Amino acid sequence: MQEIRITPSILNADLDNLDSEISKIAEVADLLHLDIMDNKFVPNLTWNFEAAEKIIRNSSLPVDAHLMISDPDIQAPKYAEVGCKSVTVHYEATANLKQTLQSIRRAGARAAVGIKPKTDFSVLLEYRDLIDMILVMTVEPGFGGQKFMADMMDKVSKARDFIGGADIWLQVDGGISEDTIEIAREAGADTFVAGSAVFKAPDPAAMVMKLKELATK
């Protein structure tokens, strides 16, 4: 059976008390999902590299960095170098995806590639040997709290078939909650980003455990 990973996104956490927020889930979550946005690739702005580096170095959880930025070829290896466990770049934003994935690996992190809802899965077929995780966006990237796009499950299923027995994680991000995680799991996902579902819950740790329980049924 595939290992299930829950990776809470701090985009919906109380950013003024980030250490406290992370501590609530540190014992039960698998990774911390860090959304990096530059207001160019997506219409939202979060952390620059310097601010993100502080979060990465201080996090009690390994960090899964999701780069929604216009220059990932330059920036992605830096995130690996400062200690991220996994670094995701978007296919749509990279100038040289092969080289960037190789650079992330050389810097010591898992190399991941994300695709937006309108991007066909076939664009990733030639990169199988370079990818450690595929991220299928189940909302348009840029904002938390959006509605889960169930029509992306066909893409998740294609990704699962493509992965086969390889050591490649299959992540979904967007609208993951108690109501949707089983749908995504049935389609083949094994790694789940949950933002508002976790950090807006009365007990974030209990919600992480509930999500994992639902995904392992």
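Rules used in this analysis
- Residues numbered from 1 in each chain as written.
- Predicted model: local features only at pLDDT ≥ 70, side-chain atom pairs only at ≥ 80, totals over all residues.
- Heavy atoms only, no water.
- Helix = DSSP H or I, 4+ residues; strand = E, 2+ residues; numbered from the N terminus.
- Buried < 20%, exposed > 50% of the residue type's maximum accessible area, 1.4 Å probe, protein only.
- Contact = heavy atoms within 4.5 Å.
- Core = buried A, V, L, I, M, F, W, Y, C linked by side-chain atoms within 4.5 Å.
- Pairing = 2+ DSSP bridges.
- Axes fitted to C-alpha atoms, helices over the stretch in contact; angles between N-to-C directions.
- Salt bridge = Lys/Arg side-chain N within 4 Å of Asp/Glu carboxyl O.
- Phe/Tyr/Trp six-rings, centres within 6.5 Å; stacked < 30°, edge-to-face > 60°.
- Lys NZ or Arg CZ within 6 Å of the ring centre and 35° of its normal.
- Right-handed = clockwise from strand over helix to strand, strands pointing away.

A. Structural context of the environment of E21. Inspection of the secondary structure assignment puts E21 in helix α1 (residues 18–25). Classification of E21 by relative accessible area gives buried; the value is 6%. Sequence separation between E21 and R106 is 85 residues; the distance between their C-alpha atoms is 31 Å. In this structure E21 touches A13, D14 and F199, once residues within four positions along its chain are discounted.

B. Layout of the nonpolar core. Ranked by size, the top nonpolar core spans 68 residues in total, and within it I10, L34, L67, Y79, V87, I134 and F192 carry the most contacts. Those residues within four positions of I134 in sequence are excluded, and the remaining contacts are V113, F121, L124, F162, I163, I168, W169, L170 and Q171.

C. Quick peek at the sheet that holds strand β8 (residues 191–194). Pairing is parallel in the open sheet, where 8 strands are placed in the order β1-β8-β7-β6-β5-β4-β3-β2. In the strand order of this sheet, the two ends are held by β1 (5–8) and β2 (32–37), each with one partner. Across the sheet, the axes of successive neighbouring strands diverge by a mean angle of 25 degrees, strand direction being ignored. Direction of pairing for β2 relative to strand β3 (residues 63–68): parallel, over a ladder of 6 bridges. Within the sheet, the bridge partner assigned to M37 lies in β3 and is M68. Across the sheet, helix α5 (residues 153–163) is in contact with β5 (110–115), β6 (133–137) and β7 (169–173); its angle to β7 comes to roughly 165 degrees.

D. Molecular detail of the pattern of salt bridges. Under the defined criterion, the tally for this structure stands at 10 salt bridges. Of the charged contacts, one joins R57 and E53 as a salt bridge, the two residues approaching to 2.9 Å between their closest N and O atoms. One end of the pair, R57, and the other, E53, are both in helix α2 (residues 49–58), 4 residues apart, so they sit about a helical turn from each other. For E182, the salt bridge is made with K217, and the minimal N-O distance between the two is 3.7 Å. Of this pair, E182 sits in helix α6 (residues 181–187) while K217 sits in the segment after α8 (204–215), placing them 35 residues apart in sequence.

E. Structural detail: the packing of aromatic side chains. If you walk through the whole model with that rule in mind, you get 2 aromatic pairs. Centre to centre, the rings of F49 and Y79 are 5.1 Å apart; their planes meet at 85 degrees, and the pair counts as edge-to-face. One end of the pair, F49, is in helix α2; the other, Y79, is in helix α3 (residues 72–81), with 30 residues separating them in the sequence. Between the aromatic rings of F121 and F162, the centroid separation amounts to 5.3 Å while the plane-to-plane angle is 75 degrees, which identifies the pairing as edge-to-face. Taken together, the residues span a long stretch of sequence, with F121 in the loop between β5 and β6 and F162 in helix α5 at a distance of 41 residues. Since its relative accessible area comes to 15%, F162 is described here as buried. The cationic tip of K116 hangs over the ring face of F41; the distance from NZ or CZ to the ring centre is 5.0 Å.

F. Seen up close, the pairing of strand β4 (residues 86–90). Counting buried positions along β4 yields 5 of 5 residues, so the element is predominantly enclosed. The pairing of β3 with β4 spans 4 bridges and is classified as parallel. Its bridge partner being in β4, L67 is matched across the sheet by V89. Tracing the backbone out of β3, into α3 and back to the parallel element β4 gives a crossover that is right-handed. By the bridge criterion, 5 bridges tie β4 to β5 in an arrangement that is parallel. Counterpart to V87 in the pairing with β5 is A111. Handedness of the crossover is the feature at issue here: the chain leaves β4, passes through helix α4 (residues 97–106), returns alongside β5, and the resulting connection is right-handed.

Just geometry here; none of it tells us what the structure is for.
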